[in-house]
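Now for the letters of each chain:
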Amino acid sequence: QVQLAESGGGLVQAGDSLRLSCTASRLTFSARGWFRQAPGKVREFVASIGWNSGNLYYADSVKGRFTISRDVTKKTVYLQMNSLKPEDTAIYYCAGARSPSASSLSGDYVNWGQGTQVTVSS
């Protein structure tokens, strides 16, 4: 079982930036995704990246503000979040897919991190 560890969350003001990191315990040939869950809401897709970083998907709500990327080792995936809004407040979860192809469907992901809290004040 691959362990995923997120870091980088925190409390920021609207308009600020944060970078989340997700590091896997071992190298896997799988896509990685970020999801988030706000209080009282269902978990929603944020962004995903394929194994070779060739295909990227973003939720409409974050397009143009968030960027997902992998490091050269491919064990760590980042989510650069710019121009943060109060509605971005949520627990952000990193997830590893069962295939190399990026996906926006939570059912395609088999490994999940514990989550990191992002709070954006107005």
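As shown above, the structure is provided for reference.
Presented here is a report on the structure given in the accompanying data block. What you see is a predicted model, and the numbers here were worked out from it, not measured in a lab. (Residues numbered from 1 in each chain as written. Predicted model: local features only at pLDDT ≥ 70, side-chain atom pairs only at ≥ 80, totals over all residues. Heavy atoms only, no water.)

## Digging into the environment of threonine 67
Now for step 1: In this structure, threonine 67 sits in strand S7 (residues 66–70).
Now for step 2: On a C-alpha basis, the gap between threonine 67 and glycine 40 in space is 26 Å, while along the polypeptide they are 27 residues apart. (Helix = DSSP H or I, 4+ residues; strand = E, 2+ residues; numbered from the N terminus.)

## Side note on the state of the cysteines
Now for step 1: Taken as a whole and assessed by the stated rule, the structure comprises one disulfide.
Now for step 2: For cysteine 22, the disulfide goes to cysteine 94, at an S-S distance of 1.9 Å. Disulfide cysteine 22-cysteine 94: the torsion about the S-S bond is -70 degrees, which places it as left-handed. Here cysteine 22 is found in strand S3 (residues 18–24), whereas its partner cysteine 94 is found in strand S9 (residues 90–97), with 72 residues between them in sequence. The pair cysteine 22 / cysteine 94 is uniform in exposure class, with both members buried. (Disulfide = S-S within 2.5 Å. Buried < 20%, exposed > 50% of the residue type's maximum accessible area, 1.4 Å probe, protein only.)

## With respect to the pattern of salt bridges
Now for step 1: Scanning the entire structure with this criterion turns up four salt bridges.
Now for step 2: The partner of aspartate 88 in a salt bridge is arginine 36, and the shortest N-O contact between them spans 2.9 Å. Here the residue aspartate 88 occupies a position in the loop between strand S8 (76–81) and S9, and arginine 36 occupies one in strand S4 (residues 32–37), the gap between them amounting to 52 residues. Take aspartate 88 and arginine 36: they sit in the same class, and that class is buried.
Now for step 3: Its salt-bridge partner being arginine 65, residue aspartate 88 comes within 2.8 Å of it at the nearest N-O pair. With aspartate 88 in the loop between S8 and S9 and arginine 65 in the loop between strand S6 (56–58) and S7, this residue pair connects regions lying 23 residues apart in the sequence. (Salt bridge = Lys/Arg side-chain N within 4 Å of Asp/Glu carboxyl O.)

## Re the side chain of threonine 28
Now for step 1: Mapped onto the elements of the fold, threonine 28 is located in the loop between S3 and S4.
Now for step 2: Reaching out from threonine 28, the side chain makes a polar contact with the side chain of serine 30 at a distance of 2.9 Å.
Now for step 3: Non-local contacts of threonine 28, meaning those with residues more than four positions away in its chain, are made with Val2 and Trp51. (Polar contact = N/O pair within 3.5 Å; in protein donor to acceptor, adjacent residues only side chain to side chain. Contact = heavy atoms within 4.5 Å.)

## Observations concerning the side chain of asparagine 111
Now for step 1: Position of asparagine 111 relative to the elements: it lies in strand S10 (residues 109–112).
Now for step 2: For asparagine 111, the contacting residues outside a window of four places in its chain are Gln1, Val2, Leu4, Cys94, Ala95 and Gly96.

## As for the environment of glycine 15
Now for step 1: Among the structural elements, glycine 15 can be located in the loop between strand S2 (10–13) and S3.
Now for step 2: Glycine 15 sits in the partly exposed class, given a relative accessible area of 49%.
Now for step 3: Along the sequence, glycine 15 and lysine 74 sit 59 residues apart, while their C-alpha atoms lie 29 Å from each other.
Now for step 4: When near neighbours in sequence (up to four residues on either side) are disregarded, glycine 15 contacts Ser83 and Leu84.

## Quick word on unusual backbone geometry
Now for step 1: For lysine 74, which is not glycine, the phi torsion reads 70 degrees and is therefore positive.
Now for step 2: Note that lysine 74 resides in the loop between S7 and S8.
Now for step 3: For serine 83, which is not a glycine, the phi torsion comes out positive at approximately 50 degrees.
Now for step 4: By the element assignment, serine 83 lies in the loop between S8 and S9.

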